[in-house]
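# Working through the structure, step by step
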Amino acid sequence: GRGAGGGKGGGTNKVSQHFYRAKQLSHGRRSYIDENFRAPVTFSHLLRVVIMEHPVHLGYRLAVNEYRDLLMFVGNFMKAFHSFRVLVFTPYPFPILQMTRTFLFFWVYSLPMVLLKDYRLWSSILIVISVSFGFIGVEYVSMSLDDPFGDDTNDIDEH
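Summary of the structure given here. This one's a predicted model, so the numbers in the text were calculated from it and none came from an experiment.

Scanning the protein chain from N- to C-terminus turns up 6 helices and 0 strands. Reading the secondary structure of the protein chain in the N-to-C direction produces α-α-α-α-α-α. Every one of the 159 residues in the protein chain was classed for burial, and the buried ones make up 18%. Long-range pairs, those at least 24 residues apart, make up 57% of the contacts in the protein chain between residues at least 6 apart in sequence. For the protein chain, the accessible surface area stands at approximately 12500 Å², while carbon and sulfur atoms represent 66% of it.

Structure (structure tokens):
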């Protein structure tokens, strides 16, 4: 009989053979980030191999349009993965960061002058403290989310 993913003859599983062959082709030492970004590429390769050998795994041949659509889905997956990789590894431009912090600084320190015209002293102090706390807190959150896949305690665990 057929096992999970096995062929007609009930022999060894070809998909797991491809996994072992891909593992043997690895070279050098990689970081956890390199290994995690390698997994979708390996998965895509194995999907393409299984799609190409589909008569062995399914027991019948797919129609040409189904075959083409499956390969297209794997290609779309890889396009999305590479777009995500570009997003993760593209650093935030420092001049934009510098200008946003400068504007935040001037806005927070000019706010009391504007509020004193319309509010009493104690209410304007309370408004300035709460608004400054909010904006500076958002700035600190953006600084910690600048590299979500790093080694800090609040980063996304990658392994």
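From this point on, the discussion continues.
Within the secondary structure, Ser124 sits in helix H6 (residues 121-144). Leave out the neighbours within four places in its chain, and Ser124 touches Leu115, Leu116 and Tyr119.

Another point: the packing of helix H5 (residues 94-118) against H6. Put simply, H5 and H6 touch, their axes get as near as 8 Å, and they point 170° apart. The angle between the axes of H5 and H6 places the two elements in the roughly antiparallel class. Between H5 and H6, the residues in contact are Leu97, Arg101, Leu104, Trp107, Val108, Leu111, Pro112, Leu115 and Leu116 and Leu121, Ser124, Ile127, Val128, Val131, Ser132, Phe135, Glu139 and Met143, respectively. Of the residues belonging to the contact of H5 with H6, the class tally is 14 nonpolar, 2 polar and 2 charged.

Another point: helix H4 (residues 64-89). Under the 1.5 Å per step criterion, the end-to-end length of H4 is 38 Å for 26 residues, consistent within 8% with the ideal 38 Å. Along H4, the positions that sit buried rather than exposed are Val74, Gly75, Met78 and Phe81. Tucked inside the fold, the buried residues of H4 contact helix H2 (32-52).

This part takes up the side chain of His54. Inspection of the secondary structure assignment puts His54 in helix H3 (residues 54-58). Judged by relative accessible area, which is 6%, His54 ranks as buried. A polar contact of 2.8 Å, which involves the side chain of His54, links it to the backbone oxygen of Ile51. Those residues in contact with His54 that lie beyond four places of it in its chain are Gly59, Tyr60, Arg61, Leu62 and Tyr67.

Quick notes on the rules
- Throughout this document, residue positions are counted from 1 along each chain, in the order its sequence is written.
- Under the rules for a predicted model, residues below a pLDDT of 70 receive no local features and side-chain atom pairs below 80 are neither given nor counted, while totals for whole chains, interfaces and linings still include all residues.
- Excluding hydrogens and water, the side-chain values take into account all heavy atoms of the structure.
- Under the DSSP-based scheme used, a helix requires at least four consecutive residues in state H or I and a strand at least two consecutive residues in state E, with every element numbered from the N terminus.
- Under the scheme applied here, a residue whose accessible area is under 20% of the maximum for its type counts as buried, over 50% as exposed, and between as partly exposed, the area being computed with a 1.4 Å probe on protein chains only.
- Only heavy atoms matter for contacts: two residues are in contact if any of them lie within 4.5 Å across the pair.
- Per-residue accessibility takes into account occlusion by the displayed protein chains alone, with areas from the Shrake-Rupley method and a 1.4 Å probe.
- Interaxial angle, 0 to 180 degrees, is taken between N-to-C directions of lines fitted to C-alpha atoms, where a helix line uses only the stretch in contact.
- Should an angle lie under 35 degrees it is considered roughly parallel, over 145 roughly antiparallel, and from 65 to 115 roughly perpendicular; all remaining angles are considered oblique.
- Residues are grouped as follows: Ala, Val, Leu, Ile, Met, Phe, Trp, Tyr, Cys and Pro are nonpolar; Asp, Glu, Lys and Arg are charged; all remaining types, including Gly, are polar.
- Here the expected span of a helix is defined as 1.5 Å times the quantity of residues minus one.
- Any pair of nitrogen or oxygen atoms within 3.5 Å is treated as a polar contact; in protein, a donor-acceptor pairing is required on top of that, and neighbouring residues in sequence qualify only through side-chain atoms on both sides.

All quantities given are derived from atomic positions and should not be read as evidence of function.
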